[in-house]
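One-letter residues, chain by chain:
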Amino acid sequence: MIEMNNIAVRCEGVTKTYGSGSTEVHALRGIDLEVRKGELMMLVGPSGSGKTTLISIIAGVLDRDGGECEVFGSDFNEMNSRERALYRSQNVGFVFQLFNLIPALTAAENAAAPLMIRGLKRREALDRACEVLDRVGLGDRTRSLPSELSGGQLQRVVIARAIVHNPRLIVCDEPTSALDHETGHKVMELLHNVAIGIDRVLIVVTHDARIFEFASRIASMDDGHIMQVVNSHHDLEQKKEN
């Protein structure tokens, strides 16, 4: 049995519906999921199965309709907009499929954005961003603009931006989909090495079977449900065969 103090994310009966009447779409239909501290949980399944909706609720950028969802013991639905934004700025990091970097800013300025949003002085934020960029192998590209970087380098800037404020939860939406196999593998190694810790958790939405090996556990979703949670890619393949 998993002790409650080892649970980073707890979802019970989480529901989410978009639209109404003839356009109503039930994106989540009663999700039960626990993510443990120190693990990399992958969410897999077909497009439209609810994966991105689920991580958006977990990360506090989307409201759920029903059920319960706690992140390190806190519930976003019990916070006002200011409290929610503050909690996210301190505890949540995002890595998106699209890089969402600001073209006119350097790598360091993009990576420093979460710190400046929190009110850190520009020089201090940039110094911290440069340190993190060095950790992800871009110490010599801190002054480069996004247009001067390769796809793999851009994703490393995004990772630096996601971890610069030392968040306890990092959510990733298709972080390797735009990358070739070798670059995608390196990005996942990097995410695993810099993001996983005793009091942290990493949740990755992906269709990319090439990176399943990095998962601590894999949750399969379909039609707004968690169908199964397995401990490894090998276990997932065995259940598919059976």
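Look up a bit, the structure's there.
Note that the structure is a prediction, hence the values are computed from the model and not measured.

1. Here's the deal with the overall build of the chain
Here comes step 1: Scanning the chain from terminus to terminus reveals 7 helices and 9 strands.
Here comes step 2: The C-alpha atoms of the chain give 18 Å as radius of gyration, which agrees with the globular expectation for 242 residues (18 Å, within 12%).
Here comes step 3: In terms of principal-axis extent, the alpha carbons of the chain reach across some 50 × 45 × 40 Å.
Here comes step 4: Counting across all 242 residues of the chain, residues that qualify as buried make up 48%.
Here comes step 5: Pairs at least 24 residues apart make up 69% of the contacts formed inside the chain by residues separated by at least 6 positions.
Here comes step 6: Carbon and sulfur atoms form 47% of the exposed surface of the chain, whose accessible area is close to 11,700 Å².
Here comes step 7: Taken as two groups, the 27 positive and 33 negative side-chain charges of the chain have centres that lie 6 Å from each other.

2. Comments concerning the layout of surface pockets
Here comes step 1: There is about 490 Å³ of room inside the largest pocket.
Here comes step 2: Along the walls of the largest pocket sit 24 residues, with Arg88, Val92, Gly93, Phe94 and Pro114 positioned nearest its centre.
Here comes step 3: Listed by contribution, the elements that provide at least two residues to the lining of the largest pocket are α1 (51-58), α2 (81-91), β5 (92-95), α3 (107-117), α5 (151-163) and β6 (169-173).

3. Considering the pattern of salt bridges
Here comes step 1: With the rule as written, the count across this model stands at 15 salt bridges.
Here comes step 2: For Glu131, the salt bridge is made with Arg128, and the minimal N-O distance between the two is 3.5 Å. Taken together, the residues Glu131 and Arg128, both in helix α4 (residues 122-135) and 3 residues apart, mark about one turn of the helix.
Here comes step 3: What makes Glu131 partly exposed here is its relative accessible area of 46%.
Here comes step 4: Arg128 gets classed as partly exposed once you look at its relative accessible area, which sits at 26%.
Here comes step 5: The shortest N-O distance in the salt bridge between Asp199 and Arg168 comes to 3.7 Å. Here the residue Asp199 occupies a position in the loop between α6 (181-195) and β7 (201-205), and Arg168 occupies one in the loop between α5 and β6, the gap between them amounting to 31 residues.

4. As for the packing of α5 against α6
Here comes step 1: Look at α5 against α6: their axes get within 10 Å of each other, and the N-to-C directions meet at 15 degrees. Comparing their axes, α6 and α5 come out roughly parallel. In the crossing of α5 with α6, the sense of the turn from one axis to the other is right-handed. On the side of α5, the interface is formed by Gly152, Gln155, Arg156, Ile159 and Ile163, while α6 contributes Thr183, Lys186, Val187, Leu190, Leu191 and Val194.
Here comes step 2: Grouping the constituent residues of the contact of α5 with α6 by class yields 6 nonpolar, 3 polar and 2 charged.

5. Comments concerning the packing of α4 against α5
Here comes step 1: At their nearest, the axes of α4 and α5 sit 9 Å apart, and the two run at 130 degrees to each other. Considering their axes alone, α4 and α5 lie oblique with respect to each other. The handedness of the crossing between α4 and α5 comes out as right-handed. From α4, Arg128, Val132, Leu133 and Arg135 reach across to α5, where they touch Val157, Ala160 and Ile163.
Here comes step 2: In the contact of α4 with α5, the residues fall into 5 nonpolar, no polar and 2 charged.

The rules behind these values
- Residues numbered from 1 in each chain as written.
- Predicted model: local features only at pLDDT ≥ 70, side-chain atom pairs only at ≥ 80, totals over all residues.
- Heavy atoms only, no water.
- Helix = DSSP H or I, 4+ residues; strand = E, 2+ residues; numbered from the N terminus.
- Rg over C-alpha atoms; globule rule 2.2 N^0.38 Å.
- Buried < 20%, exposed > 50% of the residue type's maximum accessible area, 1.4 Å probe, protein only.
- Contact = heavy atoms within 4.5 Å.
- Areas by Shrake-Rupley, 256 points an atom, 1.4 Å probe, with all protein chains shown as cover.
- Lys, Arg positive; Asp, Glu negative; His and termini not counted.
- Charge placed at Lys NZ, Arg CZ, Asp CG, Glu CD.
- 1 Å grid on protein atoms, 1.4 Å probe; cavity = no way out; pocket = protein on both sides within 12 Å on 5 of 7 lines; lining within 4 Å.
- Points joined across faces, edges and corners; volume = space filled by probe spheres on them.
- Salt bridge = Lys/Arg side-chain N within 4 Å of Asp/Glu carboxyl O.
- Axes fitted to C-alpha atoms, helices over the stretch in contact; angles between N-to-C directions.
- Parallel < 35°, antiparallel > 145°, perpendicular 65-115°, else oblique.
- Left-handed = near helix turned anticlockwise from the far one by under 90°.
- Nonpolar A, V, L, I, M, F, W, Y, C, P; charged D, E, K, R; others polar.

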